[in-house]
Amino acid sequence: MNVAFCAEKDRKKTKKCAWAATTIYCLLFPFLLVFAAASAMIFDDPSMPTHLGLSVIFLCFCIPLSIPFTFYFVWSRYSQGEYKKSRQFCLIPLYILIGTLSYHVLTDTIRSLF
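*Asks:* Whenever I open this one, helix α4 (residues 92-113) confuses me. Can you help?
*Replies:* Along an α-helix, a turn takes 3.6 residues, which lines up residues three or four apart on a common side. In a regular helix each residue adds 1.5 Å, so 22 residues correspond to 32 Å; α4 covers 32 Å between its end C-alpha atoms and thus fits that length. Among all positions in α4, only Ile92, Pro93, Thr100 and Thr107 are buried. Across the axial projection of α4, the buried residues extend over an arc of 90°, all falling on one side. Residues of α4 that are exposed and angled more than 90 degrees away from the buried face: Tyr95, Ile98, Val105, Ser112 and Leu113. Tucked inside the fold, the buried residues of α4 contact α1 (2-38), α2 (50-79) and α3 (83-89).

*Asks:* Would you mind showing me how to read the packing of aromatic side chains here?
*Replies:* Two aromatic rings are characterised by how far apart their centres lie and by the angle between their planes. Applying the stated rule across the entire model yields five aromatic pairs. With a centroid separation of 5.0 Å and an interplanar angle of 25°, the aromatic rings of phenylalanine 73 and phenylalanine 89 are classed as stacked. Of this pair, phenylalanine 73 sits in helix α2 while phenylalanine 89 sits in helix α3, and the two are 16 residues apart along the sequence. Classification of phenylalanine 73 by relative accessible area gives partly exposed; the value is 26%. According to the relative accessible area criterion, phenylalanine 89 is partly exposed, its value standing at 22%. Ring centres of tyrosine 78 and tyrosine 83 lie 5.6 Å apart, and the angle between their planes is 55°; this geometry places the pair in the tilted category. Judged by relative accessible area, tyrosine 83 falls into the buried class, the value being 18%.

*Asks:* Just checking my understanding: could you explain the packing of α2 against α4 for this structure?
*Replies:* At a closest axis distance of 8 Å, the pairing of α2 and α4 adopts a crossing angle of 170°. For the element pair α2 / α4, the angle class is roughly antiparallel. Residues Leu52, Ser55, Val56, Leu59, Cys60, Cys62, Ile63, Ser66, Ile67, Thr70 and Phe73 of α2 form the contact with α4, whose participating residues are Ile92, Pro93, Ile96, Leu97, Thr100, Tyr103, His104, Thr107 and Arg111. In the contact of α2 with α4, the residues fall into 13 nonpolar, six polar and one charged.

Cut-off values and rules
- Residues numbered from 1 in each chain as written.
- Predicted model: local features only at pLDDT ≥ 70, side-chain atom pairs only at ≥ 80, totals over all residues.
- Heavy atoms only, no water.
- Helix = DSSP H or I, 4+ residues; strand = E, 2+ residues; numbered from the N terminus.
- Expected span 1.5 Å × (residues − 1).
- Buried < 20%, exposed > 50% of the residue type's maximum accessible area, 1.4 Å probe, protein only.
- Arc of directions from axis to C-beta.
- Contact = heavy atoms within 4.5 Å.
- Phe/Tyr/Trp six-rings, centres within 6.5 Å; stacked < 30°, edge-to-face > 60°.
- Axes fitted to C-alpha atoms, helices over the stretch in contact; angles between N-to-C directions.
- Parallel < 35°, antiparallel > 145°, perpendicular 65-115°, else oblique.
- Nonpolar A, V, L, I, M, F, W, Y, C, P; charged D, E, K, R; others polar.

Structure below.
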């Protein structure tokens, strides 16, 4: 009885998390896509190397493009009953955002040294 109660509680917790992630990412998607498109303005700086600028643009586009994959992974794992994995997949865009921001900080630091 207790195991069934814990499984039901875990399912409800995962469903709330999945719906929250879906709603938040649906609202953020257009803004993140515009942000990614505006990242091409990085080439307004004449000292920006082409390979560095293209890598920044690529990483900026990875953030909004990860959102549809997140939806798929979250809801497919939820329907398979893998609730812990489903909750972990809710954080994919945040992981990519942290990686992208870290890369921006790193490249700015390197460019300021030279």
